[in-house]
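Structural description and commentary
Given next are the chains, with one letter for each unit.
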Amino acid sequence: MSQFPLVCSFEGDYGLKVLFVSRDATMAEVARTAAEALAGVVVPELGANEVLRVRQAGAKNFLRPELTLQEAGFIEMETIEILRQPAATAVNGARAS
Amino acid sequence: MPLLKTEEWYDIARDTNWTPRYVTEQQLFPPELTDRFGVPLAAMEGFDEPYKVTYREYVRTQREKDMGAYSVKAALARSKLYENADPGWRALLQLHFGAASFLEYNSISAFARMTRFSRAPGMRNMATFGSLDETRHSQIHLYFAYEHLIRSRSFDWAHKAPRSNNWVIISERHTFDDIEHTRDAVSAAIMTNFAFETAFTNLQFVALSADAANYGDFSFSTMLQTIQSDEARHAQIGEPLLRILIDSGFKAEAQKLVDISFWRCWKQFSALSGICMDYYTPLENREYSFKEFMHEWVIDQFMTKIFDIGLEKPWYWDLFLEDIDVFHHAQHIGVYLYRATEWWHPVAATGPAEREWLETKYPGWGVTFGKVWDVIAQNVASGRHERTQPSCLPMLCNMHGFELTGVPGAKWNVKDYTLDRAGRRYHFQSSVDKWIFEQEPERYAGHLSLIDRVVQGVVSLDKVFDYMHMAPEERGTDGQQYRWTQEPRGGSAGDPLGRRRSAG
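Now for a look at the structure at hand. Keep in mind the model is a prediction, meaning the values are calculated, not measured.

1. Description of the overall build of chain B
- Within chain B, the secondary structure is distributed over 23 helices and three strands.
- Taken over the C-alpha atoms alone, chain B extends approximately 75 × 60 × 40 Å along its principal axes.
- The 504 residues of chain B split such that 60% are buried.
- Residue pairs at least 24 apart in sequence account for 79% of intrachain contacts in chain B once pairs closer than 6 positions are excluded.
- Summing over all exposed atoms, chain B offers an accessible surface of approximately 19,900 Å²; the carbon and sulfur share of this is 55%.
- Each charge class in chain B was averaged separately, 55 positive and 67 negative side chains, and the resulting centres sit 4 Å apart.

2. Digging into the packing of helix 14 (residues 251-280) of chain B against helix 16 (residues 317-324) of chain B
All names here are of chain B.
- Contact pair helix 14 / helix 16: the axes reach a minimum separation of 12 Å and the direction vectors enclose 5°. Taken as axis vectors, helix 14 and helix 16 run roughly parallel relative to one another. Residues Phe-262, Trp-263, Trp-266 and Lys-267 of helix 14 form the contact with helix 16, whose own contacting residues are Trp-317, Phe-320, Asp-323 and Ile-324.
- Split by residue class, the contact of helix 14 with helix 16 holds six nonpolar, no polar and two charged.

3. Considering a nonpolar patch on the surface
Residue and element names in this part refer to chain B.
- Nonpolar side chains collect at one region of the surface, where Tyr-55, Val-59 and Leu-132 lie side by side and expose about 280 Å² of accessible area between them.
- Relative to the helices and strands, Leu-132 resides in helix 8 (residues 121-146).
- Among the residues examined, Leu-132 registers a relative accessible area of 36% and is labelled partly exposed.

4. Some points on the packing of aromatic side chains
Residue and element names in this part refer to chain B.
- Inspection of the entire model under this criterion finds 36 aromatic pairs over all chains.
- Aromatic pair Trp-9 and Tyr-10: ring centres 6.3 Å apart, planes at 50°, arrangement tilted.
- Judged by its relative accessible area of 33%, Trp-9 is partly exposed.
- Given the relative accessible area of 3%, Tyr-10 is considered buried.
- In this structure an aromatic cluster arises from ring pairing among Phe-176, Phe-194, Phe-196, Phe-200, Phe-262, Trp-266, Phe-269, Phe-290, Phe-302, Trp-317 and Phe-320.
- A cation over an aromatic ring shows up here: Lys-73 above the ring of Phe-144, its NZ or CZ 5.4 Å from the ring centre.
- The cationic tip of Arg-90 hangs over the ring face of Tyr-82; the distance from NZ or CZ to the ring centre is 5.8 Å.

5. Describing the environment of Ala348(B)
Residue and element names in this part refer to chain B.
- Relative to the elements of secondary structure, Ala-348 occurs in the loop between helix 17 (327-337) and helix 18 (352-361).
- For Ala-348, a relative accessible area of 0% translates into the label buried.
- The spacing of Ala-348 and Lys-256 is 92 residues in sequence and 38 Å in space, taken between C-alpha atoms.
- Each residue touching Ala-348, except ones within four places of it in the same chain, is listed here: Tyr-279, His-332, Tyr-336, Trp-373, Gln-480 and Trp-484.

6. Comments concerning the sheet that holds strand 3 (residues 50-56) of chain A
- In space, the five strands of this open sheet follow the order 3(A)-4(A)-1(A)-2(A)-1(B), with mixed pairing throughout. Looking at which strands have only one partner, the edges of the open sheet turn out to be strand 3 of chain A together with strand 1 (393-394) of chain B.
- Sitting on the sheet, helix 1 (residues 27-38) of chain A is in contact with strand 1 (4-10), strand 2 (17-21), strand 3 and strand 4 (78-86) of chain A, with an inclination near 130° to strand 2 of chain A.

7. Brief notes about helix 11 (residues 185-196) of chain B
- Most of helix 11 of chain B sits inside the fold, with twelve of its twelve residues counted as buried.
- Along helix 11 of chain B, the positions that sit buried rather than exposed are Ala185(B), Val186(B), Ser187(B), Ala188(B), Ala189(B), Ile190(B), Met191(B), Thr192(B), Asn193(B), Phe194(B), Ala195(B) and Phe196(B).

8. With respect to the interface of chain A and chain B
- Listed as interface residues are 30 residues of chain A and, on the opposing side, 32 residues of chain B.
- Here chain A and chain B share an interface that buries about 2,500 Å² over both sides, 64% of which is from carbon and sulfur atoms.
- A per-residue breakdown of the area chain A buries against chain B is headed by Tyr14(A), Leu16(A) and Val41(A), which together make up 31% of the total.
- Residues Glu78(A) and Arg425(B) are paired through a salt bridge, measuring 3.2 Å at the closest nitrogen-oxygen approach.
- Relative to strand 1 of chain B, strand 2 of chain A runs antiparallel, the two being bridged by two bridges. Its bridge partner being in strand 1 of chain B, Lys17(A) is matched across the sheet by Pro394(B).

9. Some words on the environment of Val7(A)
- In this structure, Val7(A) sits in strand 1.
- The spacing of Val7(A) and Leu19(A) is twelve residues in sequence and 6.3 Å in space, taken between C-alpha atoms.
- The contacts of Val7(A), once residues within four sequence positions are left out, are Leu16(A), Lys17(A), Met77(A), Glu78(A), Thr79(A), Ile80(A), Met395(B), Asp416(B) and His427(B).

10. Focus: the nonpolar core
- Residues Ile82(A), Phe200(B), Leu203(B), Phe220(B), Tyr280(B) and Phe320(B) are the most contacted members of the largest nonpolar core, which totals 174 residues.
- Counting residues per element, this core draws most heavily on helix 14 of chain B, at 16 residues.

11. Focus on unusual backbone geometry
- The phi torsion at Met77(A) lies on the positive side, around 65°, for a residue other than glycine.
- Note that Met77(A) resides in the loop between helix 2 (69-72) and strand 4.
- Unusually for a residue other than glycine, Ala349(B) sits at a positive phi of about 55°.
- You can see Ala349(B) is positioned in the loop between helix 17 and helix 18.
- Ala349(B) gets classed as buried once you look at its relative accessible area, which sits at 0%.

12. What to know about the packing of helix 7 (residues 87-117) of chain B against helix 13 (residues 218-247) of chain B
Residues and elements named next belong to chain B.
- In the contact formed by helix 7 and helix 13, the axes pass within 13 Å of each other and the chain directions differ by 35°. The hand of the helix 7/helix 13 crossing is left-handed. Across the interface between the two elements, Trp-89, Leu-92, Leu-93, His-96, Phe-97, Glu-104 and Phe-111 of helix 7 pack against Phe-220, Met-223, Leu-224, Ile-227, Glu-231, His-234 and Ile-237 of helix 13.
- When its residues are assigned to classes, the contact of helix 7 with helix 13 shows ten nonpolar, two polar and two charged.

13. A word on the side chain of Ser209(B)
- Structurally, Ser209(B) is set in helix 12 (residues 201-215).
- Not counting chain neighbours up to four residues away, the residues in contact with Ser209(B) comprise Gln204(B), Ser221(B), Leu224(B) and Gln225(B).

Basis of the calculations
- Residues numbered from 1 in each chain as written.
- Chains lettered and ligands numbered in written order.
- Predicted model: local features only at pLDDT ≥ 70, side-chain atom pairs only at ≥ 80, totals over all residues.
- Heavy atoms only, no water.
- Helix = DSSP H or I, 4+ residues; strand = E, 2+ residues; numbered from the N terminus.
- Buried < 20%, exposed > 50% of the residue type's maximum accessible area, 1.4 Å probe, protein only.
- Contact = heavy atoms within 4.5 Å.
- Areas by Shrake-Rupley, 256 points an atom, 1.4 Å probe, with all protein chains shown as cover.
- Lys, Arg positive; Asp, Glu negative; His and termini not counted.
- Charge placed at Lys NZ, Arg CZ, Asp CG, Glu CD.
- Axes fitted to C-alpha atoms, helices over the stretch in contact; angles between N-to-C directions.
- Parallel < 35°, antiparallel > 145°, perpendicular 65-115°, else oblique.
- Nonpolar A, V, L, I, M, F, W, Y, C, P; charged D, E, K, R; others polar.
- Patch = residues over 30% accessible without salt bridge, like charges linked within 9 Å, V, L, I, M, F, W, Y side chains within 5 Å.
- Salt bridge = Lys/Arg side-chain N within 4 Å of Asp/Glu carboxyl O.
- Phe/Tyr/Trp six-rings, centres within 6.5 Å; stacked < 30°, edge-to-face > 60°.
- Lys NZ or Arg CZ within 6 Å of the ring centre and 35° of its normal.
- Pairing = 2+ DSSP bridges.
- Buried area = accessible area lost by both parts, 1.4 Å probe.
- Core = buried A, V, L, I, M, F, W, Y, C linked by side-chain atoms within 4.5 Å.
- Left-handed = near helix turned anticlockwise from the far one by under 90°.

Structure below.
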C-alpha cells in the first residue's frame, strides 16, 4: 500500500480508527486528516481556541507538529492518540482546519 | 410384552466401547481429535450424563416441540407482524437470523466430531442427539427466516452468511471455529457445551424469547424457546466432563478452556444480543436491560455451576463486570455508523425517552456514549446524512473481531493492547483478548480481520463491498430513515397486530 496506515485514538471517540496518510506526513498533517474524518462526525467540531496534538499511544509527551512519521520512528499500524489542547498552551500546535 | 424400565437397560445399552484389534487405540482415537490431555480411559468411561434420553423418547419430544412451534407460526402467518413491526424489531430479526442460523448448522458437525472421537460412550450418545438437535435448529431457523424473504433481502443472509466475507461473520467464524471446530473432542465439549451453552445460550434463547413474547412476536418467541430446551440438554455434556478432568488432575487446563471460551462468547453475545435488547427492542417491550439479563441469566447461574463443579471464576472477572456496562453501547454506535457494511438496517434508538431509560439502567451513559449520539443527532437533524457515516475505517480487535472500542465522551478511555510478533503488530481491545492470543499464538497469528486484509492489500478499499459479498441493495441503511431525531419511534411498538400506524 502506497499510503501509511496508522491506528488513531481521537479524544472523545468511542473506538479506534485506521487512517491512511502519506508516508512523509507530519504530525500536523496526521492530526488534520483525523479531524477531517472525525470532528463533527463522532466528536464535536474543534473549538476556535483549540488545537490538536499527537502522541504515541501511552506516551506522556506530545510530538512536534512538524515531525514526520519517519522521524518519529513509526511502524505501519502504529497507534497514536490525538488530543485537543487549548491553543494558548500548545506550543506549535496544529490547527485542524 | 412387558417392557423394561429405561433405567434397567440404559447404561448397558449405551456401553459401546470395545477393544480394537485391527488398529491401535491411538489410531482409533488420535489425541489431537480426541483428548489432548490424555485422560485415562477408565475415567472417561465413568462419564454419566444427567439427562438419560432414549431415542424413542427423544423423537417423541422433538416432534411435539416442532409441532408446537410450527403451529404457532402457521396460526400467525397472516398477522402481518413484520410489515407492521417497529423498525427496531425488524432490525433485530434481520440481525438474529443472519448471525445465528449458520452457527446452528455448523454445530451439527461439532457434535458429530464428539460422537466420533469421544471415548466416553455416554458422551457419544448425548452428542448424537446434539447433532440431530442442531439439524432441527438449522431447519427451523431457515424456515422461519425465509417467511420474511419476500419482504426483505436481509433474510437471505440466514443462508448466505457463512459463505460471505462480511466482517461480522468473520468475527463470528473466528470465535466459534476456535471453540467448537478446531479442538479435540474434550476441549470442544467443555468450551461449547459448558462455557457457551451453560452460560450464554440462555441469553439469546430465554431472555430474547421473553422480549419477543412481550413484543407480541409469538412465532419468534416460540422458535427460541423450542431451541433453548435442547441447548439446556447440551449443556449437560460439559459438567460431567469437567468433573472427570478435575478428578484426573487437569483442573488448571479445564479452567483455562472455560476462561477462554467464556470471554470469547461474552464478546459475541454482548455485541449482538446486547444491542438487540437495549436498543432494537422497543422501549415499552423491554423486559429487563441487557445488564439485568446478564446478572440474572448468566452471572448468577454460571457462578453457581462453576463453584459447584470445583472451578474458580475466570481471572478477569472484575474486567468482565466492567465490560457489561460499556462494550455493547460502544459497539452499537459503530454498528449504526458503519451500517452500510451490515445486512440489517440498524436503528439509532436514542430518542429522549430511550436516553432516559439508558441513563437509568447505565448511570453515566449520557456523558459518555450519549455525547457521540449528540453529534450524530445534530447531523441527522440538520440533514447532513453523509456526516453520519465516517470516511475512515474502524479498527477491529485481533481477537474478538468487532470494533476496538472503549468509553467515549467525558470519560474518554480507549486503550489499545498491542503485541509484536514476526514483523506484525496485533491490536487487542483488552488484556483478556491479548491473554487469549498469548496462550497459543500459533493458533491465532495467521488470522486477518477485514481491516488487516485491506491494510495488507488482500482486498482493495474500492472493492471491499464486493469482497464482503454485499450487493448495493443488501447494504444496511438507517432503519428509521433518519426520522428518529424528529419524532418518537415509528411502527407498532407494543402492538404486533399493527393497529397503530406503520413506519413504512
